[in-house]
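Letter by letter, the chains look like this.
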Amino acid sequence: MPKRVSSNIEHMFAQSSGNFHLSCESKNSVVLGIDPGLTRCGYAVIEVQGATQITMRALGVLRTSPDQGLPQRLAEISKEIEELLDEYQPSVVAVEHIFFQSNVRTAMSVGQVSGLALSAAARRGLQVEQYTPNQVKLAITGWGGADKAQVQKMVKQRLGLNAIPKPADAADAAAIALCHIASSSLAKKISEAKVRSA
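Residues numbered from 1 in each chain as written. Predicted model: local features only at pLDDT ≥ 70, side-chain atom pairs only at ≥ 80, totals over all residues. Heavy atoms only, no water.

Further remarks concern the nonpolar core. Ile140, Val155, Leu159 and Leu178 are the most contacted members of the largest nonpolar core, which has 28 residues in total. Contributions of two or more residues to this core are made by β4 (40-49), β5 (53-63), β6 (92-96), α4 (133-141), α5 (148-159) and α6 (168-197). Considering every element that reaches this core, the biggest residue donor is α6, with nine residues. Judged by nonpolar contacts, the second largest core, of 22 residues, contains Leu38, Ala58, Val93 and Val113. (Core = buried A, V, L, I, M, F, W, Y, C linked by side-chain atoms within 4.5 Å. Buried < 20%, exposed > 50% of the residue type's maximum accessible area, 1.4 Å probe, protein only. Helix = DSSP H or I, 4+ residues; strand = E, 2+ residues; numbered from the N terminus.)

A separate point is the pairing of strand β3 (residues 29-35). Among the seven residues in β3, seven count as buried, and that is most of the element. Going residue by residue along β3, you find Ser29, Val31, Gly33 and Asp35 tucked away on one face and Val30, Leu32 and Ile34 tucked away on the opposite face as well. Where β3 meets β4, seven bridges bridge the pair, whose relative direction is antiparallel. Residue pairing in the sheet places Asp35 in a bridge with Gly42 of β4. Between β3 and β4, which pair antiparallel in sequence order, lie four residues. Pairing analysis gives four bridges linking β3 to β6, with the strands arranged parallel. (Pairing = 2+ DSSP bridges.)

Before going further, it helps to examine the environment of Gln68. Tracing the backbone through its elements, the reader meets Gln68 in the loop between β5 and α2 (70-88). Ignoring any residue separated from it by four or fewer positions in sequence, one finds Gln68 in contact with Arg73 and Glu76. (Contact = heavy atoms within 4.5 Å.)

Here we take up the layout of surface pockets. In this structure, the largest pocket encloses a volume near 530 Å³. Considering each element in turn, the lining of the largest pocket owes the most residues, five residues, to α6. For the lining of the largest pocket, a count of residues per class yields twelve nonpolar, five polar and nine charged. (1 Å grid on protein atoms, 1.4 Å probe; cavity = no way out; pocket = protein on both sides within 12 Å on 5 of 7 lines; lining within 4 Å. Points joined across faces, edges and corners; volume = space filled by probe spheres on them. Nonpolar A, V, L, I, M, F, W, Y, C, P; charged D, E, K, R; others polar.)

Have a look at this one:
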């Protein structure tokens, strides 16, 4: 069985929710962010309420042992992803898209886990989005060349947390979910502007 390691969310929160100050969907929606990995797969569940309020509902990492065979590890992660989808009922699943990876073995395992998340969400008819690391950095910090520490600091700030979320894979998953929230808001504004100018 994979070990689902959840962070102590109550300890990290300075307040129950944060304000993103974005024009998101008017109805409540839940975004599941996934930072795919075979040994550590980060996840974050963020709820968008109204126009600006966001709340982190879950944050953690799915872990598998390198001592197990690849098929067993993938099966375990697949099962855990399905359980996350059942438990939190997201409307959107946002997954990191690895644009380039120098380590071929790592790239293959990340791609396999990414495929599990994408297919599980697609089978349920959910909206599925992929974002490259540079897109995530740009959306969260305003600069595509930001380092991990800068991204984690902004995740902490955007979610109104007392501390930077840990482990790092979980923080990355939160950044991916926040990237989708920011990106979908921008896309909506552009669409509305086009309608007004037509």
